[in-house]
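# A look at the structure
The lines below spell out each chain.
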Amino acid sequence: MSPNSPLSLIAVLALVVLTAGCVEGPAGPPTATHSEAVQSPTDTATDVQTPLPNRTVELPEGPKERPERPGRLTEDSVGEFVKTHEYRYAYNGLWYSEHSEVTLDCELQNVTERDGWYEATVSCSGSSNTGGPAEGTEAVTELISDWSTLTYVYYVDENSLIRERADDQN
């Protein structure tokens, strides 16, 4: 193959494209992408964004409504709020219809005050047994769902309620 052949030129261009960004050039190392540069609340406690982003987790559809946010945030009020919120979140996740029998147990593991916000960890386990007519029929349908023990970390301030799965679970 001649160094001036079109095939040689294509091979060289392909090599340049494939190695672009892999080699440090005169401009220095590549910079972090936007997603790498933005910290999330799951970073270590000292690296967490302050203030928290103004967002609130949505509850799944079901019979339980979001608990009222405490008027004054303290470790106790945030702990009770987060435990109730997770209970209602899990309940709605297990609920299928008015024939559902949901059994659920939630436990607050800890609450820590940070710089103007709170971090709280809660875990729940439970199950749902639903019997009754299937939608649009008179035939009885039985659905059984398990909510194995799942642990979530909540980040709470006056404007945010963020829920993320704890790191020790997959």
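Quick notes on the rules
Residues numbered from 1 in each chain as written. Predicted model: local features only at pLDDT ≥ 70, side-chain atom pairs only at ≥ 80, totals over all residues. Heavy atoms only, no water. pLDDT = per-residue confidence, 0-100. Helix = DSSP H or I, 4+ residues; strand = E, 2+ residues; numbered from the N terminus. Contact = heavy atoms within 4.5 Å. Buried < 20%, exposed > 50% of the residue type's maximum accessible area, 1.4 Å probe, protein only. Polar contact = N/O pair within 3.5 Å; in protein donor to acceptor, adjacent residues only side chain to side chain. Disulfide = S-S within 2.5 Å. Patch = residues over 30% accessible without salt bridge, like charges linked within 9 Å, V, L, I, M, F, W, Y side chains within 5 Å. Areas by Shrake-Rupley, 256 points an atom, 1.4 Å probe, with all protein chains shown as cover. Salt bridge = Lys/Arg side-chain N within 4 Å of Asp/Glu carboxyl O. Lys, Arg positive; Asp, Glu negative; His and termini not counted. Charge placed at Lys NZ, Arg CZ, Asp CG, Glu CD. Phe/Tyr/Trp six-rings, centres within 6.5 Å; stacked < 30°, edge-to-face > 60°.

Now for the confidence of the model for the protein chain. When pLDDT is averaged along the protein chain, the result is 75; 65% of the residues meet or exceed 70. Taken element by element, the predicted model of the protein chain shows its lowest mean pLDDT in helix 2 (residues 34–37) (31) and its highest in helix 3 (residues 75–94) (96). Every residue in residues 7–46 is under pLDDT 50, and counting partners more than four places away or in other chains gives 22 contacts.

Let's shift gears to the environment of leucine 94. The topology assignment puts leucine 94 in helix 3. Taking relative accessible area as the criterion, leucine 94 reaches 5% and is therefore assigned buried. Considering only alpha carbons, one finds leucine 94 and serine 127, 33 residues apart in sequence, at a separation of 6.8 Å. For leucine 94, the residues in contact, after removing those within four places along its chain, are Val102, Leu104, Gly126, Ser127, Ser128, Ser145, Asp146 and Trp147.

Before going further, it helps to examine the side chain of glutamate 119. Along the chain, glutamate 119 falls in strand 2 (residues 118–133). Of the polar contacts made by the side chain of glutamate 119, one reaches the side chain of arginine 114; its length is 3.3 Å.

This paragraph deals with the state of the cysteines. Per the counting criterion, the structure on display carries 1 disulfide. Here cysteine 106 is linked by a disulfide to cysteine 124, with a sulfur-sulfur distance of 1.9 Å. The S-S bond linking cysteine 106 to cysteine 124 shows a torsion near 110°; that makes this disulfide right-handed. Of this pair, cysteine 106 sits in strand 1 (residues 100–113) while cysteine 124 sits in strand 2, and the two are 18 residues apart along the sequence. Here cysteine 106 and cysteine 124 have matching classes, each one buried.

Our next topic: a negative patch on the surface. Judged by side-chain charge, Glu75, Asp76, Glu80, Glu113 and Asp115 come together as a negatively charged surface patch. Sort the elements by how many residues they give to the negative patch and helix 3 lands first, with 3 residues.

This structure, assessed with the given rule, holds 3 salt bridges. With its nearest N and O atoms 3.9 Å apart, the salt bridge here joins glutamate 164 to arginine 55. Here glutamate 164, found in strand 4 (residues 161–165), pairs with arginine 55, found in the loop between helix 2 and helix 3; they are 109 residues apart in sequence, far enough to count as distant. Here glutamate 164 falls in the buried class, since its relative accessible area comes to 17%. Glutamate 86 serves as the salt-bridge partner of arginine 163, at 2.8 Å between the closest nitrogen and oxygen. Of this pair, arginine 163 sits in strand 4 while glutamate 86 sits in helix 3; the two residues are 77 residues apart in sequence, bridging distant segments of the chain.

Under the counting rule described, the total for this entry stands at 2 aromatic pairs. Ring centres of tyrosine 87 and tyrosine 91 lie 6.0 Å apart, and the angle between their planes is 35°; on these two criteria the pair is classed as tilted. Of the two residues, tyrosine 87 and tyrosine 91 both sit in helix 3, 4 residues apart, roughly one turn of that helix. With a centroid separation of 6.0 Å and an interplanar angle of 55°, the aromatic rings of tryptophan 117 and tyrosine 155 are classed as tilted.

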